[in-house]
Structures are given as structure tokens and as C-alpha cells.
Amino acid sequence: DQQVKQNSPSLSVQEGRISILNCDYTNSMFDYFLWYKKYPAEGPTFLISISSIKDKNEDGRFTVFLNKSAKHLSLHIVPSQPGDSAVYFCAAIRGSTLGRLYFGRGTQLTVWP
Amino acid sequence: GAVVSQHPSRVICKSGTSVKIECRSLDFQATTMFWYRQFPKQSLMLMATSNEGSKATYEQGVEKDKFLINHASLTLSTLTVTSAHPEDSSFYICSAHGGSGGRTDTQYFGPGTRLTVL
């Protein structure tokens, strides 16, 4: 039962443009959401997170938006750079289970020059 | 930032043998460690949660006797795949969570171990 879904397995964007990665979830008990970036044969690295009490969190080129009513979040990268090419995982947590992450299947982002 | 290491990074073994994977938190004490596996083009699936000094909690569908987890110290957890078979071939990743009361951006992932069972 996939509680966190990333329906786009891949996204291709030109350098300098905006990348928008989407994520949907089904469990209304999730109260904290995270984005991880992963290169091949490496573990995921934390990118940015957002609490369910917020609808936006920004860190440099990365912004995460949360729409609780739609159970949807998105990661915006602007401007996109070739080094951003990686797999991006969306993850969620329920407040009562500290540390237990529920992951989506990931979206392969390719940023071309 | 905090570092988590895994050893080995890659292992190839014959069917029926056992393989041990180590996960170490190098510069912090990890009260909880998690073991995930990832199949190609799939999400990271949690296998078990390991707390130092106590038995691991396994996710539904994960065989406890096949995937032995030991968390003997605050810096080391091991996953042993017993009597490995080709269907166990996967990418195994550990993560370590340090301290109490912190949110999950304090969860650090290891680089993963690629297991291939022939």
C-alpha cells in the first residue's frame, strides 16, 4: 500500500528553467514531509522539509509547497542546474512514529544544458 | 554533517550463503537505526527498525529469521541476510537517527550496499 506517491518517474528540464516535482499522499496523519536527493549507488541525502502547519518552505533554489486539502506537495527548483540531475524522493512521517519514513518511488530529474 | 557508513558497498555471493552488512554512525550516537531495501525503479521500503540494546521491529512481510538485525552499540547495527537467494538481490540502505526529540532531518543515510546473489 503506497501511502506516498510520485506519479512521474522522470522529468527532463533545460538548465536555467524551473523543475517541479510532485508528490501525493493518502494518509491524513502525516504531519511532516521531506525531500531527499539520491545519486546512483549512494544513500539519499536530505534536501528540504516542511511541517504540516506550513504551506511553503524555501531554502535557496529549493522551495517546497504543501497543499493539505489536496494531500499534495511539490518541490520547485529554480534555476535548475545540471548538477541537480538525480532521483528525488518524497517522504512523509506520522507524528507518533518519530523517524519512520514513508517514501515515494522517486522521480528521476535530468537537467540538460 | 553527520556521517553514516556501510560496509561492504558491494557484495556478490553464492545462493545459500549468509551475508553481513554493517552500518556505522561515525560521529554521533544513533539511538535508532533503520534498514531499507530498494529494488530498481522502486521506492525505499523499510524492512526494520532497530533500537540499541533491544530487538528489532520488523515490517509486515519481512522475515525475521532471514534478515537478522543486531544493534549492539550506539554506533553499529548489522543486517545479516541468511541463506541468501537470488530474489534477495537488492540495494540495502541503513539510516541512523540520533538523539531524542529531533525531527527526521536528523536521520542520516548510509551509502548503501549492493547485494547480488548468484
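Residues numbered from 1 in each chain as written. Chains lettered and ligands numbered in written order. Predicted model: local features only at pLDDT ≥ 70, side-chain atom pairs only at ≥ 80, totals over all residues. Heavy atoms only, no water.

A.B. asks: What is the right way to read the interface of chain A and chain B from this model?
C.D. replies: Interface size is often expressed as the accessible area that is lost when the parts come together. Taken together, the contacts link 21 residues of chain A with 22 residues of chain B. Summed over the shared surface of chain A and chain B, the number is zero salt bridges. The interface formed by chain A and chain B includes three residue pairs in polar contact (both at pLDDT 80 or more). Broken down by element, the residue count for the side of chain A that touches chain B peaks at five residues, all from strand 4 (residues 30-38) of chain A. Within the side of chain A that touches chain B, the residues separate by chemical class into eleven nonpolar, five polar and five charged. (Contact = heavy atoms within 4.5 Å. Salt bridge = Lys/Arg side-chain N within 4 Å of Asp/Glu carboxyl O. Polar contact = N/O pair within 3.5 Å; in protein donor to acceptor, adjacent residues only side chain to side chain. Helix = DSSP H or I, 4+ residues; strand = E, 2+ residues; numbered from the N terminus. Nonpolar A, V, L, I, M, F, W, Y, C, P; charged D, E, K, R; others polar.)

A.B. asks: Would you mind showing me how to read the state of the cysteines here?
C.D. replies: Each disulfide consists of a covalent bond between the sulfur atoms of two cysteine residues. A complete count under the given rule lists two disulfides over all chains for this structure. Sulfur-sulfur distance for the disulfide between Cys23 of chain A and Cys90 of chain A comes to 2.0 Å. Sign of the S-S torsion, about -75° for the bond between Cys23 of chain A and Cys90 of chain A, identifies this disulfide as left-handed. Remark: Cys90 of chain A occurs in strand 9 (residues 86-94) and Cys23 of chain A occurs in strand 3 (residues 19-25); sequence separation between them is 67 residues. Here Cys23 of chain A falls in the buried class, since its relative accessible area comes to 0%. Sulfur-sulfur distance for the disulfide between Cys23 of chain B and Cys94 of chain B comes to 2.0 Å. In this structure the cystine formed by Cys23 of chain B and Cys94 of chain B twists about its S-S bond by roughly 80°; its chirality is therefore right-handed. A residue pair is termed long-range when its members are at least 10 positions apart, and Cys23 of chain B in strand 3 (residues 19-25) and Cys94 of chain B in strand 9 (residues 90-98) qualify at 71 residues. A single burial state applies to Cys23 of chain B and to Cys94 of chain B, both of which are buried. This cysteine, Cys13 of chain B, is not joined by any disulfide, and Cys94 of chain B carries the nearest cysteine sulfur, 18 Å off. (Disulfide = S-S within 2.5 Å. Buried < 20%, exposed > 50% of the residue type's maximum accessible area, 1.4 Å probe, protein only.)

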